[in-house]
Amino acid sequence: MTNPSPEIFRLDHKNIFDWIESNSRVLDLGCGDGELLSHLIEHKAVKGTGVEIDEAAIYKCIARGLTVSHGNIDTGLDDYSTKRFDYVILNESLQQMLHPQRVILEALRVGKKVIVGIPNFCHWRARVQIFFRGKVPVTKELPFEWYDTPNLRFLSLKDFRRFCRVNDITILGQKNIALNQRILLKPNVFARIGLFLLQKSSS
Amino acid sequence: MPQKENLGIVETQFFTFAQPPHEMVLESGVKFGPITIAYETYGTLNQNKSNAILVFHSLSTDAHAAGFHAGAKNPGWWNDLIGPGKALDTNKYYIISSNVIGSCKGSTGPASVNPKTGKPYELSFPMITVGDMVKAQKHLLDHLGVKKVLSVIGGSMGGLQALLWAVNYPDIVASVIAIATNTRQTAQQIAFHEVGRQAIISDPDWQKGDYHGKTIPAKGLALARMIGHITYMSDQSMDEKFGRKLIAKERVGFDFSQDFEVENYLKYRGDSFVQRFDANCYLYLSKALDYFDLAKGGELAKAFKNVRSNFLVIAFTSDWLYPAYQSKEMVKALKANDIDVSYVEVKSSYGHDAFLVEVEGESHLISHFLSRIAKENLK
């Protein structure tokens with residue numbers, strides 16, 4: 001039984017939510033306080049679990065009644081068997097990983113489909129800051145200074161598409177978001193966040 | 001949030017079974033009986049008998065987990081977590097806290113009187129295992145008329161019991177909360193146990209265990225406890241608590257008297273342990289721990305093959321006796337069996353003792369986890 005569509009305030013969550021089929025098995029890597037997982041469990045009857053590094057966030061997940069593992073996503077996938085999940089979500093976590101390529105390929109091993117959400121480092125505001133102001137950009141989605149950023153990887157939506165091509169990953173869908181609205185035109189310039197629905201090409 | 005209250009006066013109860021010729025068969029193959037198990041219960045068993053939770057204690061404690069014994073100043077060892085409105089809410093759940101076979105805390109153990117001879121068993125007591133503890137507790141559960149439990153919970157040695165309950169009785173156990181524990185005793189743990197045992201055995205008063213009615217091997221047992229205590233703390237917690245503080249003196253004595261607070265503390269801990277614990281019991285229980293290996297030398301994932309319980313596994317960052325990586329191995333093996341498991345590594349400086357100290361974090365995790373389990377199981 002699935003409940004009627006919920007009010008989801010974050011557009012990235014809303015779009016990911018719409019991609020995921022009811023009653024599927026979901027792993028959310030970097031699940032934060034478990035908001036998205038809770039929506040999915042409540043309204044789409046998914047069997048969901050999460051991995052999160054932040055202890056305070058884990059406590060919130062447990063309070064929501066979620067099943068979660070406290071740990072590092074860079075190594076968190078070793079625990080799972082092949083095609084264990086229908087979807088693996090990597091939203092806003094890829095850019096903070098030490099080994100993003102390995103993690104995505106591992107995610108494609110344990111999940112039939114993988115959803116990746118990344119901040120677009122080549123959004124026009126970022127380009128303006130680099131080009132005219134000569135400084136490393138600080139934007140809404142990338143709010144950190146160079147010395148305190150948790151982000152280790154800086155990439156554009158185009159970079160990510162290329163990564164998929166090189167690694168035999170099929171992009172089944174792409175959604176582009178800026179300031180809580182969908183972007184249809186020139187996403188690599190105007191989108192702040194890119195969401196990708198992926199599948200291993202051979203499968 | 002409901003008001004947290006203390007339980008009032010509680011009493012230890014006793015259940016005796018395995019009367020000859022119906023002795024219990026121990027893991028070693030020895031038939032043994034009669035067996036008495038000391039236990040306490042808190043809260044009320046509901047009409048469907050579906051709200052029971054089993055709590056297991058660590059090596060040196062007992063069935064008295066919460067509330068106060070008549071006239072006692074101090075409550076049971078997990079009073080912070082058990083009581084009305086607490087994580088193990090006695091308004092909702094029926095808590096059964098069971099002592100173990102081999103203990104000197106009311107259950108049959110080496111210090112108990114052998115009914116055949118009228119004298120304490122001492123070393124004629126059979127070797128026991130964690131499996132035997134669990135088997136005896138199952139008899140207790142049957143006696144209480146409880147067919148299913150919402151959860152089995154324990155830290156340290158109690159955690160080993162909880163894990164074995166889920167493995168041996170998968171149909172009975174809805175969930176497991178395993179705290180600061182592991183799936184096999186490691187070489188380091190066995191090594192510390194052996195040093196403790198040697199301290200007891202090399203005390204001349206030990207007399208091959210035959211010290212009842214004579215001088216007890218107080219020095220050996222105190223020394224074993226001192227070593228144990230060091231393993232329960234952490235480098236950081238010891239340094240914060242004692243640092244290099246001297247015992248009521250301005251400067252070191254330049255002799256072999258005690259200089260530092262930490263020495264004094266360990267001596268106090270050792271001496272007070274002797275007042276409340278039996279040396280032979282320490283030998284038997286530490287051996288029982290050493291024998292514990294859920295995988296029986298094989299693959300850990302296979303050990304969980306029939307397990308159907310949901311799990312909450314809690315480890316502590318500074319616990320070096322039961323390090324977090326061992327809990328992670330457990331979690332990995334559980335996941336390999338598609339078992340629903342949550343894992344939390346609580347940041348703490350208290351070492352292994354954290355499972356008794358980190359009340360706030362544990363309360364949060366346990367109460368919410370149990371709410372979910374209760375919702376899924378209490379119809």
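Right above here is the structure, for reference.
What this report covers is the structure whose coordinates are included nearby. These numbers come from a predicted model, not from an experiment.

Concerning the overall build of chain B
- Scanning chain B for helices and strands turns up eleven helices and 14 strands.
- Projected onto its principal axes, the C-alpha coordinates of chain B cover approximately 70 × 50 × 50 Å.
- Across the 379 residues of chain B, 58% fall into the buried class.
- At a minimum sequence separation of 6, the contacts of chain B that also span at least 24 residues come to 73%.
- Total accessible area on chain B is roughly 16,500 Å²; 52% of this is exposed by carbon and sulfur atoms.
- Charge separation in chain B, taken as the distance between the mean sites of 39 positive and 39 negative side-chain charges, equals 5 Å.

Let's talk about the interface of chain B and chain A
- Chain B puts 20 residues into the contact, and the matching count from chain A is 17 residues.
- Of the roughly 1,600 Å² buried between chain B and chain A, counting both surfaces, carbon and sulfur atoms make up 47%.
- Remark: the boundary between chain B and chain A carries three salt bridges.
- Linking A:Asp79 and B:Lys335 is a salt bridge whose minimum nitrogen-to-oxygen distance equals 3.6 Å.
- One can count 13 residue pairs in polar contact (both at pLDDT 80 or more) joining chain B with chain A.
- Residue assignment for the side of chain B that touches chain A shows that the elements contributing at least two residues are helix 9 (324-336), strand 14 (341-346) and helix 11 (359-377) of chain B.
- Class assignment for the residues of the side of chain B that touches chain A results in nine nonpolar, four polar and seven charged.

With respect to the layout of surface pockets
All names here are of chain B.
- Space inside the largest pocket adds up to approximately 1,200 Å³.
- Together, 49 residues line the largest pocket, and Ser60, Thr61, Arg225, Arg276 and Leu356 are the ones closest to its centre.
- Among the secondary structure elements, those contributing two or more residues to the lining of the largest pocket are helix 3 (187-201), helix 4 (218-232), helix 5 (235-241), helix 6 (261-276), helix 7 (279-290) and helix 10 (354-357).
- With seven residues, the single largest contributor to the lining of the largest pocket is helix 4.
- Class assignment for the residues of the lining of the largest pocket results in 23 nonpolar, 19 polar and seven charged.

Here we look at the packing of aromatic side chains
All names here are of chain B.
- Scanning the entire structure with this criterion turns up 20 aromatic pairs over all chains.
- With a centroid separation of 5.3 Å and 10° between ring planes, the pair formed by phenylalanine 15 and phenylalanine 17 is classed as stacked. Here the two residues phenylalanine 15 and phenylalanine 17 agree in accessibility, since each one is buried.
- When the ring of phenylalanine 277 is compared with that of tyrosine 282, the centres are 6.4 Å apart and the planes differ by 85°; the resulting orientation is edge-to-face.
- Phenylalanine 277 sits in the buried class, given a relative accessible area of 6%.
- Residue classification places tyrosine 282 among the buried residues on the basis of a relative accessible area of 5%.

What counts and what doesn't
- Residues numbered from 1 in each chain as written.
- Chains lettered and ligands numbered in written order.
- Predicted model: local features only at pLDDT ≥ 70, side-chain atom pairs only at ≥ 80, totals over all residues.
- Heavy atoms only, no water.
- Helix = DSSP H or I, 4+ residues; strand = E, 2+ residues; numbered from the N terminus.
- Buried < 20%, exposed > 50% of the residue type's maximum accessible area, 1.4 Å probe, protein only.
- Contact = heavy atoms within 4.5 Å.
- Areas by Shrake-Rupley, 256 points an atom, 1.4 Å probe, with all protein chains shown as cover.
- Lys, Arg positive; Asp, Glu negative; His and termini not counted.
- Charge placed at Lys NZ, Arg CZ, Asp CG, Glu CD.
- Buried area = accessible area lost by both parts, 1.4 Å probe.
- Salt bridge = Lys/Arg side-chain N within 4 Å of Asp/Glu carboxyl O.
- Polar contact = N/O pair within 3.5 Å; in protein donor to acceptor, adjacent residues only side chain to side chain.
- Nonpolar A, V, L, I, M, F, W, Y, C, P; charged D, E, K, R; others polar.
- 1 Å grid on protein atoms, 1.4 Å probe; cavity = no way out; pocket = protein on both sides within 12 Å on 5 of 7 lines; lining within 4 Å.
- Points joined across faces, edges and corners; volume = space filled by probe spheres on them.
- Phe/Tyr/Trp six-rings, centres within 6.5 Å; stacked < 30°, edge-to-face > 60°.

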